[in-house]
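Chain residues, written in single-letter form:
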Amino acid sequence: MSTAKGILGIALLLALTAGDLSAQRRHGSSPLDTLGEEVSQAEGLEILNTFRRLGIAGDFRLSFKLEVRPRKDKTRIVSGVLLGTQSQYGPLSRIDIALEPADVTERGNLVPAKVKRLLLQNGIFANALEMNSWEPDREEARLIESDAFFEKLAGSDFTIFDLLMPFSFWQEFKYEGRTTMRSRPTHVFSLYPPEGDKALRERISRVKIYLDEEFNALNRVEIYDGSEELAKTITVVAFKIVDGQGVLSQVDVRNELTRDKTRFRVQDAAIGVDVPDWVFEPEGLERDIYGTELARLQAPAKEQEVE
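Owing to the predicted nature of the structure, the values given are computational and were not obtained by experimental measurement.

Calculation notes
Residues numbered from 1 in each chain as written. Predicted model: local features only at pLDDT ≥ 70, side-chain atom pairs only at ≥ 80, totals over all residues. Heavy atoms only, no water. Helix = DSSP H or I, 4+ residues; strand = E, 2+ residues; numbered from the N terminus. Buried < 20%, exposed > 50% of the residue type's maximum accessible area, 1.4 Å probe, protein only. Contact = heavy atoms within 4.5 Å. Areas by Shrake-Rupley, 256 points an atom, 1.4 Å probe, with all protein chains shown as cover. Pairing = 2+ DSSP bridges. Core = buried A, V, L, I, M, F, W, Y, C linked by side-chain atoms within 4.5 Å. Salt bridge = Lys/Arg side-chain N within 4 Å of Asp/Glu carboxyl O. Polar contact = N/O pair within 3.5 Å; in protein donor to acceptor, adjacent residues only side chain to side chain. Phe/Tyr/Trp six-rings, centres within 6.5 Å; stacked < 30°, edge-to-face > 60°. Lys NZ or Arg CZ within 6 Å of the ring centre and 35° of its normal. Patch = residues over 30% accessible without salt bridge, like charges linked within 9 Å, V, L, I, M, F, W, Y side chains within 5 Å. Lys, Arg positive; Asp, Glu negative; His and termini not counted. Charge placed at Lys NZ, Arg CZ, Asp CG, Glu CD. pLDDT = per-residue confidence, 0-100. 1 Å grid on protein atoms, 1.4 Å probe; cavity = no way out; pocket = protein on both sides within 12 Å on 5 of 7 lines; lining within 4 Å. Points joined across faces, edges and corners; volume = space filled by probe spheres on them. Nonpolar A, V, L, I, M, F, W, Y, C, P; charged D, E, K, R; others polar.

Asker: Which residues make up the overall build of the protein, and what values do they have?
Answerer: Tallying secondary structure elements over the protein gives three helices and 15 strands in all. Within the span of the protein, comprising 307 residues, buried residues form 54% of the whole. Sequence-distant contacts in the protein: of pairs separated by 6 or more residues, those separated by 24 or more amount to 57%. Of the roughly 15,600 Å² of accessible surface on the protein, 47% is carried by carbon and sulfur atoms.

Here it is as C-alpha cells:
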C-alpha cells in the first residue's frame, strides 16, 4: 500500500487547541478581508502547508452514525467505527461501516452484521483498500481504483474521495484571500486536479476549501463538477474537545444536484487508545472491528499524583 505524509486520520478529524468553531453563527465582513483582491500566493502556500501537517496526536477511536437523509425519502441510520493512527508516512484509518446490523432469527440464531471494511491512507499518494464481511472466501483486500472513489458509501452522499481528501495535496492552487465566515476570519483556496489526470478533470474542475485562520482547521469544502457547477458541499458543523484535542463531532454533506444530505455524527470518541498493529495492516481487513471490543476502546485512566 503506497503511503505519504498526510493531514487527517480521515478527512473528518483535525487537531485543534481549543474551542468549538460552531459557537458563533453570525455573518459579517471585516476590514481585514482580502477576498477578491490580489493576495500573496507565497503566503497562501505557507498557510496551506501548515494545514497539511495537522493531525491527531496518538491513536484514536470514534464511533459514529451516518444519517442518510434523502430529500424524497425517509432518513436512514448507518453505524460505524473508526480507528486512526499516525505513521512515519502520515495518517492511516481503519473504518468499519455496518451496512446491515446484526440480527437474530426466529429460532434464535445470530445473523452477523454486514460490514464494509476500509483501510485509508491520506496524503500525496492517497489510496484505499476494502474488504467485505459477507465475502469470507476472498483471499486478500481489494484496492479501490480511483474511478470508484466517487461511489456512494452505504447509500449515503459520503464517498472515498471525501474521506481521503486528495485535493488537499494537489499542487495547482490559488489562494483567494481572507474572508469572514461565522464571524471568524477564514482563508479561502481553490485547488485544481493534476493536469495529467484527464478522467478526474472531466469530473471535477476544482475544489474550494475554507480554513479557519486561528486554528488552521477545515470548516467547509465545495466540490465543483467538470462544468464548474457546484456539485457537493461538505460543512463542518461542530467540534468536541477530547483530551485537549479537537475532534469533529458533526459534518454535513449536501449533494447540490439532488438536494440529498448525509450527516456524520460522532457518538463517542477516545484519544490515546492502545490499537493493535494488525488493525492498520492490509491483512487486518480480514477481521471485523465493528461489534468487537476494539469498537469500544477507551484511553487508559490517568494516574493521580499523591502528594
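Asker: Explain the pairing of strand 7 (residues 127-132) residue by residue, including any values.
Answerer: Summarising burial for strand 7: six of the six residues are buried, a large majority. Side-chain alternation along strand 7 places Asn127, Leu129 and Met131 on one buried face and Ala128, Glu130 and Asn132 on a second face that is also buried. Two elements, strand 6 (residues 114-121) and strand 7, share six bridges in a ladder whose sense is antiparallel. From the neighbouring strand, glutamine 121 faces strand 7, where its bridge partner is asparagine 127. Linking two consecutive strands that pair antiparallel, namely strand 6 and strand 7, is a turn of five residues; a positive phi of about 135° is found at glycine 123 within it. Pairing of strand 7 with strand 8 (residues 142-143) involves two bridges; the strand directions are antiparallel. Residue glutamate 130 lies in a different strand from strand 8, and its bridge partner there is arginine 142.

Asker: Account for the nonpolar core, naming residues and giving values.
Answerer: Counting residues in each nonpolar core, the largest one holds 58 residues, and the members touching the most others are Ile160, Phe167 and Ile209. Sorting elements by how many residues they give to this core places strand 1 (residues 60-69) first, with five residues. Contact partners of isoleucine 209, with chain neighbours within four places excluded, come to Leu48, Phe51, Phe167, His187, Val188, Phe189, Leu191, Leu218, Arg220 and Val221. Grouped together as the second largest cluster of nonpolar side chains are 13 residues, Ala270, Trp278, Val279 and Leu297 included.

Asker: Can you lay out the pattern of salt bridges for me, pointing to particular residues and giving the numbers?
Answerer: Summed over all chains, the structure comprises 21 salt bridges. Note that glutamate 222 and arginine 220 form a salt bridge whose closest N and O atoms lie 2.9 Å from each other. Each of Asp33, Arg178 and Glu213 takes part in salt bridges that share partners, so that together they form one network.

Asker: Before we move on, could you go through the environment of tyrosine 192 and cite the residues and values that matter?
Answerer: Here tyrosine 192 shows up in strand 10 (residues 184-192). Taking the C-alpha atoms as reference, tyrosine 192 lies 6.5 Å from serine 205; in sequence the two are 13 residues apart. Sequence-distant contacts of tyrosine 192, defined by excluding residues within four places in its chain, comprise Trp170, Glu172, Phe173, Lys174, Arg201, Ser205 and Arg206.

Asker: I'd like to hear about the side chain of aspartate 212, residue by residue, with values.
Answerer: Relative to the helices and strands, aspartate 212 resides in strand 11 (residues 204-212). At 2.9 Å, the side chain of aspartate 212 forms a polar contact with the backbone nitrogen of phenylalanine 215.

Asker: Explain the packing of aromatic side chains to me, using residue names and the numbers behind them.
Answerer: In this structure the tally under the stated criterion is eight aromatic pairs. An aromatic cluster is built from Phe150, Phe161, Phe167 and Trp170, whose rings are joined through pairwise contacts. One residue, lysine 114, lies across the ring of tryptophan 134, its end atom 5.0 Å from the ring centre. The positively charged end of arginine 287 is found above the aromatic ring belonging to tryptophan 278, 3.7 Å away from the centroid.

Asker: How would you explain a negative patch on the surface if you had to name every residue and give the values?
Answerer: A cluster of like negative charges, contributed by Asp274, Asp277, Glu281, Glu283 and Glu286, occupies part of the molecular surface. Residue position: glutamate 281 is located in the segment after strand 15 (261-271).

Asker: Requested: an account of the confidence of the model for the protein, with residues and values cited.
Answerer: For the protein, per-residue confidence averages 85 on the pLDDT scale, and residues scoring 70 or more make up 87% of the total. Confidence scores differ between elements of the protein, with strand 4 (residues 103-104) showing the lowest mean pLDDT of 80 and strand 11 the highest of 96. Every residue in residues 1-27 scores below 50 in pLDDT, and together they form 120 contacts with partners more than four places removed in sequence or on other chains.

Asker: Describe unusual backbone geometry, listing the residues and the values that go with them.
Answerer: Positive phi values are uncommon outside glycine, yet arginine 182 reaches one of about 55°. Its place among the elements puts arginine 182 in the loop between strand 9 (172-181) and strand 10. Judged by relative accessible area, which is 12%, arginine 182 ranks as buried. The phi dihedral of arginine 259 is positive, around 70°, even though this residue is not glycine. Residue arginine 259 is classed as partly exposed on the basis of its relative accessible area, which comes to 40%.

Asker: Can you break down the layout of surface pockets residue by residue, with the values?
Answerer: Of the voids in this model, the largest pocket is the one considered here, and its volume is about 490 Å³. In terms of lining residues, the largest pocket is bounded by 22 residues, among which Pro166, Trp170, Pro194, Asp197 and Leu200 are the most central. The greatest single-element share of the lining of the largest pocket, amounting to three residues, is contributed by helix 3 (residues 198-203). Split into classes, the residues belonging to the lining of the largest pocket amount to 14 nonpolar, three polar and five charged. Taken as a whole, the second largest pocket holds about 300 Å³ of empty space. Taken together, 15 residues make up the lining of the second largest pocket; nearest its centre are Phe150, Thr159, Arg203, Ala231 and Lys232. Mapped onto the lining of the second largest pocket, the elements with two or more residues apiece are helix 2 (160-164), strand 12 (218-225) and strand 13 (230-242). Tallying contributions element by element places strand 12 first for the lining of the second largest pocket, with three residues. When its residues are assigned to classes, the lining of the second largest pocket shows seven nonpolar, two polar and six charged.

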